[in-house]
Amino acid sequence: MAEVKTILATDCGSTTTKAILIEKQGDEYRLVVRGEAPTTVEAPFDDVTVGVVNAVREVEELSGRKILFEGSNPGEGIKIQVPTKNDVGVDMYLSTSSAGGGLQMTVAGVVKMMSAESAQRAALGAGAIIMDTIAIDDGRKEYQKVERIRQLRPDMILMSGGTDGGTVKHLVDIAEMLISADPKPRLGIGVKLPVIYAGNKDAVEAVKQILGDRVDLRVVPNLRPTLDRENLQPAREAIHELFLQHVMQQAPGYSKLMTWTSSGIMSTPNAVGKIIQTIAEQEKINVLAVDIGGATTDVFSVFSGVFTRTVSANLGMSYSICNVLAEAGIENIRRWIPFLADEGYVRNQLRNKMIRPTTIPQTLRDLYIEQAVAREALRLAFEHHKSLARELKGVQQVRTIADAISQEGTGKTLVHLMDLDMIVGSGGILSHAPRRAEAALMMLDAYQPEGVTMLAVDSIFMMPQLGILSTIMPQAASQVFERDCLIKLGTSIVPVGIGKEGQTACTIAVRYRKSQECEAKTYAIPFGSIKVIPLGVGEKAEVVITPARGFDVGSGRGRLHTVEVEGGVVGLIIDARGRPLVIPSEDDKRIAKLREWMEALGLRPE
């Protein structure tokens, strides 16, 4: 394979198609320019390549590089030149897509909290939006499930259940339910609905006999072959393959786009998951990433090498903003607003945003109300994520006396905030916050990290393009991610514990490494406060943290903790507000406290 010096990558979103140009400069790959144009998958264009060409034209104008050319065959039109020929074109072209609603799936399993939950993890990890989860024990009558499956019109169904050698009867019941419902795919007329079977291997023949040629059946190894083991990768690969063969082929213009790309088109959430996994693997760190959009919020995590993705399809900042209000409650949103705002005023603001989803805040008060909603959307999506990112349920374990006393069973969460190394925020409300400190404060409030954690945001949302690049050139993807995509806000240090207001929560000794001679400064941080210590982008310092009695920053309560930290555009943030974070209930005290925290980060309350 010839050396790849120029890479063009596009992400076809629901409303915007984003193109980036990456070039090899010296020994490393760097982002050169970015272009964007409206996505054209809907009428009147009905052709996704029109938006791609428009976005690439902007890249051409900004970079001065010729990439497009007129095809010589009749009706071929304009296309992307791959590989480079006579200084025209690029060496590689890749694309991701979430246009037209992305990949929409229904999953089915025998036991809701076991095989059906494993099927959810497989589908979500492959970048799907789950429309419904059907299980034998989900509490609905059979006719209700049949009616629901018939109404949904998913892109494909993932069917699972039973350990290998276990029950066959329940899988036969699910297959008969599918035949009764006779579901049709969302795209394509006369096309058979793809069904992936990833259940008990002993039930394969029985399921084949029932489903026959009524659906496009694909059999893969059981995704839960034993109670204590998941095998999700074969099901995820089958989902990706069927996504390319069925969904993409039926979507307007995608068959043409697929002839231009150097690799298959990948669903956008799947690609974001890939880059998060790549970074976690290369840096050997635990990562939490979020993409908060207008309609949905995706959360990705890698803890101890285990990747989990969840999508909260009802939580977002424009189309779904009133869902956040309904789910969080007005008081939970009001508690984050740093001025007196009555209930009716806040409700009206959010309803206006829902019916005019493309508007942006015009005043500082409007902005702070949206940021208050964002805190709750992020918190709720994270709670949802923690409920799915957990150990397998139903696994037999050797229990100690301590386990028995604590009443802890199987299915414990994988998310341990004290072990978290980095939080990456993406989406307009975080990436485009007027001041970076606002994004840092939103993430601190919503996730309440513990111990030592780096906070970062995605500068221009190019994680999807870097995700698909990471499957082919992981080193190039991580170089661009580190240097051009990620904006490090700074390291947060959070002592965990509860104390009295004003009492010292911890003492921080910072040794700067600006010159050969180390400069040391010590700070006493009172409980209930936030302190920002200057430490710029790329600067590192050794920090010795002495927590007060009863507080823990990672080495145990009251124990000294020494760590090397990196700065960012905000600095080194010491959050001594305690965990769990308590906000005063009285309005005047609450507003005073919120303003104090904002001013500590250099923000103007009003």
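Residues numbered from 1 in each chain as written. Predicted model: local features only at pLDDT ≥ 70, side-chain atom pairs only at ≥ 80, totals over all residues. Heavy atoms only, no water.

It is worth spelling out empty space enclosed by the protein at this point. Picture a little ball the size of a water molecule; that probe, rolled over the atoms, points out where space is still empty. This structure, assessed with the given rule, holds four cavities of 30 Å³ or more. There is about 130 Å³ of room inside the largest cavity. Taken together, 13 residues make up the lining of the largest cavity; nearest its centre are Trp336, Pro338, Arg375, Leu441 and Met598. Within the residue set of the lining of the largest cavity, elements represented by two or more residues are helix H12 (364–388), helix H15 (436–447) and helix H18 (587–600). Looking at the lining of the largest cavity, its residues break down into eight nonpolar, one polar and four charged. The calculated volume of the second largest cavity comes to roughly 70 Å³. Lining of the second largest cavity is provided by Pro154, Asp155, Pro185, Arg186, Leu187, Val191, Lys192, Pro194, His246, Val247 and Gln250. A per-element tally of the lining of the second largest cavity places helix H6 (residues 233–250) first, with three residues. The residue inventory of the lining of the second largest cavity, partitioned by class, reads six nonpolar, two polar and three charged. (1 Å grid on protein atoms, 1.4 Å probe; cavity = no way out; pocket = protein on both sides within 12 Å on 5 of 7 lines; lining within 4 Å. Points joined across faces, edges and corners; volume = space filled by probe spheres on them. Helix = DSSP H or I, 4+ residues; strand = E, 2+ residues; numbered from the N terminus. Nonpolar A, V, L, I, M, F, W, Y, C, P; charged D, E, K, R; others polar.)

Any two aromatic rings considered together are summarised by their centre-to-centre distance and by the angle between their planes. Applying the stated rule across the entire model yields two aromatic pairs. The ring of Trp597 carries the charged tip of Arg577 above its face, separated from the ring centre by 4.6 Å. (Phe/Tyr/Trp six-rings, centres within 6.5 Å; stacked < 30°, edge-to-face > 60°. Lys NZ or Arg CZ within 6 Å of the ring centre and 35° of its normal.)

Take the confidence of the model for the chain next. When pLDDT is averaged along the chain, the result is 89, and 95% of the positions lie at 70 or above. For the chain, helix H13 (residues 401–406) is the element with the lowest average pLDDT, namely 48, and strand S24 (residues 572–576) is the one with the highest, namely 97. Contacts for the low-pLDDT stretch residues 402–409, under 50 throughout, to residues beyond four places or in other chains number five contacts. (pLDDT = per-residue confidence, 0-100. Contact = heavy atoms within 4.5 Å.)

Here we come to helix H5 (residues 204–211). Looking at H5, one finds that the buried residues are Val204, Val207 and Leu211. What you see down the axis of H5 is that its buried residues fit within an arc of 70°, all on one side. Across H5 from its buried face, at more than 90 degrees, point the exposed residues Glu205 and Gln209. For H5, the secondary structure elements touched by its buried residues are strand S9 (156–159), helix H4 (169–181), strand S10 (194–197) and strand S11 (216–219). Positioned one or two residues after H5, Gly212 has a phi angle of 45°, which is positive. (Buried < 20%, exposed > 50% of the residue type's maximum accessible area, 1.4 Å probe, protein only. Arc of directions from axis to C-beta.)

Bringing the pairing of strand S13 (residues 287–292) into the picture now. In terms of burial, S13 is largely enclosed, as five of its six residues are buried. Between the end of S13 and the start of strand S14 (residues 297–303), which pair antiparallel, lie four residues. Where S13 lies against strand S16 (residues 422–426), five bridges are found, and the strand directions are parallel. By the bridge assignment for S16, Leu288 is matched with Ile423. (Pairing = 2+ DSSP bridges.)

Attention now moves to the layout of surface pockets. Empty space within the second largest pocket amounts to approximately 440 Å³. Residue lining of the second largest pocket: 18 residues in total, with Ile285, Asp421, Met422, Met454 and Glu566 positioned closest to the centre. Among the elements of the structure, helix H8 (268–283), strand S17 (451–458), helix H17 (474–485), strand S18 (486–494) and strand S23 (561–566) are those that each provide at least two residues to the lining of the second largest pocket. Ranked by residue count, the leading element in the lining of the second largest pocket is S23, at four residues.

Now for the sheet that holds S17. The strand order S15-S14-S13-S16-S17-S18-S24-S21 describes an open sheet built from eight strands, whose pairing is mixed. Every other strand in the sheet has two partners, leaving strand S15 (306–312) and strand S21 (529–533) as the edge strands with one partner each. The mean inter-strand angle of the sheet, taken between neighbouring strand axes irrespective of direction, is 20°. When S16 meets S17, the two strands line up parallel, connected through four bridges. In the sheet register, Ile423 faces S17, and the bridge partner there is Leu455. Packed on one face of the sheet, H15 meets S13, S16, S17, S18, S21 and S24 and runs near 130° to S17. (Axes fitted to C-alpha atoms, helices over the stretch in contact; angles between N-to-C directions.)

We now examine H8. Compared with the 22 Å implied by 1.5 Å per residue over 16 residues, the 23 Å span of H8 between its first and last C-alpha is a close match. Immediately downstream of H8, the backbone of Lys284 shows phi near 55°, a positive value. (Expected span 1.5 Å × (residues − 1).)

In globular proteins that are soluble, nonpolar side chains generally tend to be buried together. Leu430 and Leu489 are the most contacted members of the largest nonpolar core, which totals 61 residues. When residues of this core are assigned to their parent elements, the largest contribution, 10 residues, is made by H12. Setting aside residues up to four positions removed in sequence, Leu430 forms contacts with Val290, Ile292, Leu378, Gly425, Arg436, Ala439, Met442, Met443 and Val457. With 51 residues, the next largest nonpolar core counts Leu21, Ala122, Met156 and Ile265 among its residues. (Core = buried A, V, L, I, M, F, W, Y, C linked by side-chain atoms within 4.5 Å.)

Take the side chain of Asp552 next. By secondary structure assignment, the location of Asp552 is in the loop between strand S22 (540–547) and S23. Arg557 provides the closest opposite charge to the buried, salt-bridge-free Asp552, at an N-O distance of 6.1 Å. Within the structure, the side chain of Asp552 is placed 3.4 Å from the backbone nitrogen of Ser555, a separation counted as a polar contact. A polar contact of 2.9 Å, which involves the side chain of Asp552, links it to the backbone nitrogen of Gly556. (Lys, Arg positive; Asp, Glu negative; His and termini not counted. Salt bridge = Lys/Arg side-chain N within 4 Å of Asp/Glu carboxyl O. Polar contact = N/O pair within 3.5 Å; in protein donor to acceptor, adjacent residues only side chain to side chain.)

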